[in-house]
Amino acid sequence: MQNLAHPSPTTPLATPRLPGVDTGTALRRLRGNVGQYRKFLDALVSQYADTAGVLDGLLRQGDFAAAHLHIHSLKGLAAAIGADALTQAAQALEAALKARDTGNLPALLAQLDDPLTALLCAIALDPTRPAEPPAQRPVDAPASGTPREAATLLPPTVLVVDDQAENIEMLHHILEQDYRVKVATHGERALAIALSDQPPDLILLDIMMPGIDGYEVCRRIKARPDRRGIPIIFVTAMEDHEDEALGLALGAEDYITKPFNPSIALARVKTHLALYDQTRELERKVQARTLELQESRLQIIQRLGRAAEFRDNETGFHVTRMSRYSQQIALAAGLSGEEAEMIRLAAPMHDIGKIGTPDAILFKPGRLDTAEWIVMQQHAAIGAEIIGDHSDPLLSMARDIAATHHEKWDGSGYPLGLRGEAIPLAGRIVAIADVFDALTSSRPYKQAWPVEKARQAILEDSGYHFDPALIQAFSRALPGILEIRERYLEHNTNTADPD
């Protein structure tokens, strides 16, 4: 057969006249693109001229899946060119292959062979078919253009996934005037694009593909929290409601059936992109508001920590230093960066209960007597009561710290006399940081201890006042702690307090 696959640059395109084919309707779907229509005819000739032989070979091997896929693709192509009789025959044969109904296969194949052979002969004899193929671009590569992240004014990106080049070409032609189009001819490539740093804004996804089918592609995308919002529209010739229900159950937003109606396809794409944009904008606003609330919460916690300082004879940078010491010890103990940061943010609330301590006791210059000491010890319980019970992790941790940072590993601390790991971890960490800063800082009633003397005192209290494992973490964290101490010394007036 003569190679009549593509028009030459100098030959005008003519509308083909084929028996049993509604060429007018098919061309309207393609917006009158006769060249695209001819590509579909060429694909029919090149891929399905020996359909009977291909099916015979596949069925002899018992490969019903491949046979089903072959006829499924033929059905889509027949619908695209407006060959209704061939579409119906392919649909019936596809259903039998899917059900493995071997008894009816010969009759159904014969019903398919008649319209297919007639159409192939008519295409071959069509005098209007031009002759020379132009260069083709590969269909399995993303469309060129600036990434949307770098140029937000560019139109949305639609990923078209189909193993049939003619289907991709048709959808590309429908979409290219309004959207940037990326394409993939198999599931693996579709996943690579969808899970990349520049994911599409919407996916048109065929179901029947070799390898990973459309259902599995959809399942994997929707399983990713950072990708599950991407709208997926299945593009299929299937009419089985169970197939449609499965796709929707997997998270797909919609279906478009072959043959494509351009107006409907564009309307569906536009609708789901608009919904996706609204969802993303709402998520952005919620995230921004959440950050505002978190910032307000942190400010409240930090201001309350400052309020406690005004009710004490502690120095100005005590809260900053001890909270950062706590963070360093937490990291050295193996906590995650997020957990250590939470301890840093919650630690300033450790002495909030001193708001409820009488001035005569809080500011007494000498040693407290037994009765006064009992009142002083109540600040831990008062602090826990001020903060209260919360489901919020940060406030819950702040409450634990306020309540337990004076508990001791051997059970001799206050207010509850907790022992060992019954003391919350955050309270145990802050206890070390608080004592070390108190020892190495000047107070109206004492001079600052040298760092080595304070370190030795901390080590000697391992197993008594402090958790031995955390004392080891303190030793590992000490270089970083000393850097923080140097930065936030009281005489360092150029240091801005970031808290």
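## Examining the overall build of the protein chain
- A count of helices and strands for the protein chain gives 20 helices and 5 strands.
- A total of 499 residues make up the protein chain; the buried ones form 47% of that total.
- Carbon together with sulfur atoms contributes 55% to the accessible area of the protein chain, which is approximately 23,800 Å² in total.

## A look at the packing of aromatic side chains
- Overall, the coordinates contain 5 aromatic pairs when judged by the stated rule.
- Considering the side-chain rings of Trp-373 and Tyr-414, the 5.9 Å spacing of their centres and the 80° angle between planes classify their relative orientation as edge-to-face. Pair noted here: Trp-373 is in helix α15 (residues 370–377) and Tyr-414 is in the loop between α17 (393–404) and α18 (425–439), with a separation of 41 residues, a long-range link.
- Ring geometry for Phe-436 and Phe-474: centres 5.4 Å apart, planes at 65°, overall edge-to-face. In this pair, Phe-436 is assigned in helix α18 and Phe-474 in helix α20 (residues 468–487), connecting sequence segments 38 residues apart.
- Judged by relative accessible area, which is 1%, Phe-474 ranks as buried.
- A network of ring pairs unites the aromatic residues Tyr-215, Phe-234 and Tyr-255 as a single cluster.
- Here Arg-280 stacks its cationic end above the ring of Tyr-276, 3.8 Å away from the centre of that ring.
- The ring of Trp-449 has Lys-453 sitting right over it, with the charged end atom 4.3 Å from the ring centre.

## Details of unusual backbone geometry
- Geometrically, the link from Tyr-414 to Pro-415 is a cis peptide bond, its omega value of 10° lying close to zero.
- Here Pro-415 is to be found in the loop between α17 and α18.
- Its identity is not glycine, yet Arg-100 carries a phi of approximately 55°, on the positive side.
- Along the polypeptide, Arg-100 turns up in the loop between α5 (84–99) and α6 (105–125).
- Judged by relative accessible area, Arg-100 falls into the exposed class, the value being 54%.

## Side note on the environment of Gln-164
- Relative to the elements of secondary structure, Gln-164 occurs in the loop between β1 (157–161) and α7 (165–175).
- Apart from the residues within four sequence positions on either side, Gln-164 is in contact with Gln-47, Tyr-48 and Ser-73.

## Some thoughts on α18
- For α18, which comprises 15 residues, the first-to-last C-alpha distance of 22 Å matches the rise-based estimate of 21 Å (1.5 Å per residue) to within 8%.
- In terms of burial, α18 is largely enclosed, as 12 of its 15 residues are buried.
- What α18 keeps buried is the set Ala-426, Gly-427, Arg-428, Ile-429, Val-430, Ala-431, Ile-432, Ala-433, Asp-434, Phe-436, Asp-437 and Leu-439.
- Among the structural elements, α12 (318–332), α13 (337–346), α17, α19 (451–460) and α20 are those in contact with the buried residues of α18.

## Considering the packing of α12 against α13
- The geometry of α12 relative to α13 is characterised by a closest axis approach of 8 Å and an angle of 155° between their N-to-C directions. As judged from the angle between their axes, α12 and α13 are roughly antiparallel. Both α12 and α13 take part in a crossing whose hand is right-handed. Residues Ser-323, Arg-324, Ser-326, Gln-327, Ala-330 and Leu-331 of α12 lie in contact with α13, whose contacting residues are Gly-337, Ala-340, Glu-341, Ile-343 and Arg-344.

## A short note on the side chain of His-72
- Within the secondary structure layout, His-72 lies in helix α4 (residues 64–81).
- For His-72, the residues in contact, after removing those within four places along its chain, are Glu-94, Asp-206, Met-208, Thr-236, Ala-237 and Lys-258.

## Overview of the pattern of salt bridges
- For the coordinates displayed, the defined rule picks out 17 salt bridges.
- The residue Arg-268 makes a salt bridge to Asp-254 at a minimum N-O spacing of 3.5 Å. Placement of Arg-268 in helix α11 (residues 262–310) and of Asp-254 in strand β5 (residues 254–257) is noted, with a sequence separation of 14 residues between them.
- Overall, the relative accessible area of 18% leaves Asp-254 in the buried class.
- The residue Asp-437 makes a salt bridge to Arg-321 at a minimum N-O spacing of 2.6 Å. Taken together, the residues span a long stretch of sequence, with Asp-437 in helix α18 and Arg-321 in helix α12 at a distance of 116 residues.

## Regarding the sheet that holds strand β2 (residues 180–184)
- Strands sit in the order β2-β1-β3-β4-β5 across an open sheet of 5 strands; the sheet is parallel. Looking at which strands have only one partner, the edges of the open sheet turn out to be β2 and β5. Direction aside, the axes of adjacent strands within the sheet are offset by 20° on average.
- Both strand β4 (residues 232–236) and β5 contribute to a ladder of 4 bridges, which runs parallel. Looking at β5, one finds that Thr-236 is bridged to Thr-257.

## Observations regarding the nonpolar core
- Among the nonpolar cores identified, the biggest contains 58 residues, and Leu-44 and Leu-204 are the most heavily contacted of them.
- Setting aside residues up to four positions removed in sequence, Leu-44 forms contacts with Ala-49, Leu-74, Leu-77, Ile-81, Leu-86, Leu-116, Leu-119, Leu-120 and Ile-123.
- Judged by nonpolar contacts, the second largest core, of 43 residues, contains Leu-298, Ile-387, Leu-394 and Val-430.

## Quick notes on the confidence of the model for the protein chain
- Overall, the predicted model of the protein chain reaches an average pLDDT of 81, with 84% of residues at or above 70.
- Segment residues 1–13 is flagged for pLDDT under 50; beyond a separation of four residues in sequence, or across chains, it makes 33 contacts in the model.

## Quick word on the environment of Arg-17
- Looking at the element boundaries, Arg-17 is found in the segment before α1 (23–29).
- Classification of Arg-17 as exposed rests on a relative accessible area of 71%.

Conventions we followed
- Residues numbered from 1 in each chain as written.
- Predicted model: local features only at pLDDT ≥ 70, side-chain atom pairs only at ≥ 80, totals over all residues.
- Heavy atoms only, no water.
- Helix = DSSP H or I, 4+ residues; strand = E, 2+ residues; numbered from the N terminus.
- Buried < 20%, exposed > 50% of the residue type's maximum accessible area, 1.4 Å probe, protein only.
- Areas by Shrake-Rupley, 256 points an atom, 1.4 Å probe, with all protein chains shown as cover.
- Phe/Tyr/Trp six-rings, centres within 6.5 Å; stacked < 30°, edge-to-face > 60°.
- Lys NZ or Arg CZ within 6 Å of the ring centre and 35° of its normal.
- Contact = heavy atoms within 4.5 Å.
- Expected span 1.5 Å × (residues − 1).
- Axes fitted to C-alpha atoms, helices over the stretch in contact; angles between N-to-C directions.
- Parallel < 35°, antiparallel > 145°, perpendicular 65-115°, else oblique.
- Left-handed = near helix turned anticlockwise from the far one by under 90°.
- Salt bridge = Lys/Arg side-chain N within 4 Å of Asp/Glu carboxyl O.
- Pairing = 2+ DSSP bridges.
- Core = buried A, V, L, I, M, F, W, Y, C linked by side-chain atoms within 4.5 Å.
- pLDDT = per-residue confidence, 0-100.

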